[in-house]
Amino acid sequence: MMISADSHFLDPPHIWSRWLPARYHDRAPKLVEDGDGGQGWLFAGARRPEPIGLAGLPGRPADDLRPSGVRFDEIRPGTYDGGARMIDQDEDGVSAEVIFPTARPLGHFLDDPDRDLVVAGVDAYNRFVLEEFCAAAPGRLFPVAQLPTTGVDHCMRVLRDAANQGFVAAVLPSWPTGGDHLDAESAPFWACAEELEMPICIHVGLRSREERLLWRELNDQQKDDVAESRDTVRLHGYGSDAPPARLEFHHRSPNFGFSLGRGASVFSDLLLSGLFDAYPRLRVGLIEMWVGWIPRGLEAVDDIWQRNRYLRQIPLQRPPSSYWHSNMAGSFIDDRMGVRARDVIGTTNMMWSTDYPHFGTLWPRSRALVDDAFADVSQEDRAAILGGNCIDFFRLADRLATG
């Protein structure tokens, strides 16, 4: 059984008009023309709309991608409609998916200085994914709740509501306080998560509320007429009298270092903080951060602890790496190095995912690519990594569709 521990959806045209209170409609993301005959979502702080093609046309080869010039009436319904998603799951050989929020639509709200809008946007998203998208296939689509950036009290309220409503986990966009580090003020939140037995997930990384507001302010100040100065630089060859050559800087390219750097920082903070001594039944997932780097991370945190446990008074009850194995898990899409290092990472700490319908998805070739990547993996380990660990981490056993 293959279960995706991290999938998404493309926001359907009606999401905000139907689920966001009417008084906020003029401040919601806007579905607009993308300039190439297609449609795109215009988010706050963006100079241009984000075309729907990359998330609406999964499975296309890299040289045939068409991000812009695509409209909703020509994309796969399963990318935005929960009822149609089962068709896409079956084509990919996937039995079920855990559905996570997508950064840019939620960032429209999470990065806003108006706390009421943050809470309203989070609530609208959570209601949509629970009551509409995942409700269409409750045994095959499992929703993860979005938490706000407005502090511990709001996070706890949303977390309790999520647990009562049937969400399988909640995702933090920043530390519970909204600050830039893990601190004692967030203790009530972690105690609440442990009490509710709700896994807390971190998707790619965390950004403090202060950083979010700063980036929104900087983006709002950007003007189209200075775009070229940001996107290009001119280089002189050493000792050359030739005019400088223009070099494109692809600032919109996915940045591997950004996601890995933030993930490693969160990983270190969690394992060295003593959080899992205080809340030993707490579960934390690092989502879409891959796992091939984890062996070095485990070695590093143990080395830091051994060298500094007395000097800096790091009073952990066990070596920090042991908390990874007892309290944490990580998801990946295609991480062959991670699969090879599974005995060090822990075969019970790895969760496979498709990231459908985002650009990184392997759909509809997941089954064939998994067979290749797991060719030398035992059936027991394969079953755990491809589905069993996800079932255990999110407690899906009694909710999965059978037959």
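The coordinates are above.
Note that the structure is a prediction, hence the values are computed from the model and not measured.

About the criteria used
Residues numbered from 1 in each chain as written. Predicted model: local features only at pLDDT ≥ 70, side-chain atom pairs only at ≥ 80, totals over all residues. Heavy atoms only, no water. Pairing = 2+ DSSP bridges. Helix = DSSP H or I, 4+ residues; strand = E, 2+ residues; numbered from the N terminus. Phe/Tyr/Trp six-rings, centres within 6.5 Å; stacked < 30°, edge-to-face > 60°. Buried < 20%, exposed > 50% of the residue type's maximum accessible area, 1.4 Å probe, protein only. Lys NZ or Arg CZ within 6 Å of the ring centre and 35° of its normal. Patch = residues over 30% accessible without salt bridge, like charges linked within 9 Å, V, L, I, M, F, W, Y side chains within 5 Å. Areas by Shrake-Rupley, 256 points an atom, 1.4 Å probe, with all protein chains shown as cover. Salt bridge = Lys/Arg side-chain N within 4 Å of Asp/Glu carboxyl O. Axes fitted to C-alpha atoms, helices over the stretch in contact; angles between N-to-C directions. Contact = heavy atoms within 4.5 Å.

A. A look at the sheet that holds strand β4 (residues 50–51). Taken in spatial order, the three strands make up an open sheet running β2-β3-β4, and their pairing is antiparallel. A single partner strand is all that each edge strand has here, and the edge strands are β2 (30–33) and β4. Note: β2 against strand β3 (residues 39–42), four bridges, orientation antiparallel. Its bridge partner being in β3, Leu31 is matched across the sheet by Trp41.

B. Structural context of unusual backbone geometry. Put simply, Tyr356 and Pro357 share a cis peptide bond, and its omega is 0 degrees. Summarising the element assignment, Pro357 is placed in the loop between β13 (350–352) and α16 (366–373). The linkage connecting Trp363 with the following residue, Pro364, adopts the cis geometry, with an omega of 0 degrees. Relative to the helices and strands, Pro364 is located in the loop between β13 and α16. Although it is not a glycine, Val204 adopts a positive phi angle of roughly 75 degrees. Following the sequence through the fold, Val204 ends up in the loop between β8 (200–203) and α8 (209–221). You will see that Glu288, though not glycine, has its phi angle at about 60 degrees, which is positive. If you trace the backbone, Glu288 turns up in the loop between β11 (284–287) and α12 (294–308).

C. Highlighting the packing of aromatic side chains. With the rule as written, the count across this model stands at 14 aromatic pairs. Both rings, one in Phe189 and one in Trp190, keep their centres 5.1 Å apart while their planes meet at 75 degrees; by these two values the pair is edge-to-face. For Trp190, a relative accessible area of 1% translates into the label buried. Through pairs of rings, three or more aromatic residues link up here, namely Phe9, Trp19, Tyr125, Phe128 and Phe133. For Arg283, the ring lying beneath its charged end belongs to Phe393, and the centroid distance is 5.9 Å.

D. Fine view of a nonpolar patch on the surface. A contiguous nonpolar surface patch, about 280 Å² in accessible area, is contributed by Leu214, Trp215 and Leu218. Structurally, Trp215 is set in helix α8.

E. Looking closely at the sheet that holds strand β7 (residues 169–171). With parallel pairing, the eight strands of this open sheet are ordered in space as β1-β5-β6-β7-β8-β11-β12-β13. Of all the strands in the sheet, just β1 (3–7) and β13 have a single pairing partner and so form its edges. Looking at each pair of strands side by side, their axes are set apart by 25 degrees on average, direction ignored. The pairing of strand β6 (residues 141–146) with β7 spans three bridges and is classified as parallel. The residue bridging Ala145 from the neighbouring strand is Ala170, located in β7.

F. Quick look at the environment of Tyr80. Its place among the elements puts Tyr80 in the loop between α2 (53–56) and α3 (82–92). Each C-alpha atom, one on Tyr80 and one on Arg115, is 28 Å from the other, the two residues being 35 residues apart in sequence. Setting aside anything within four residues of it in sequence, one finds Tyr80 in contact with Leu10, Pro12, Phe72, Ile75 and Phe133.

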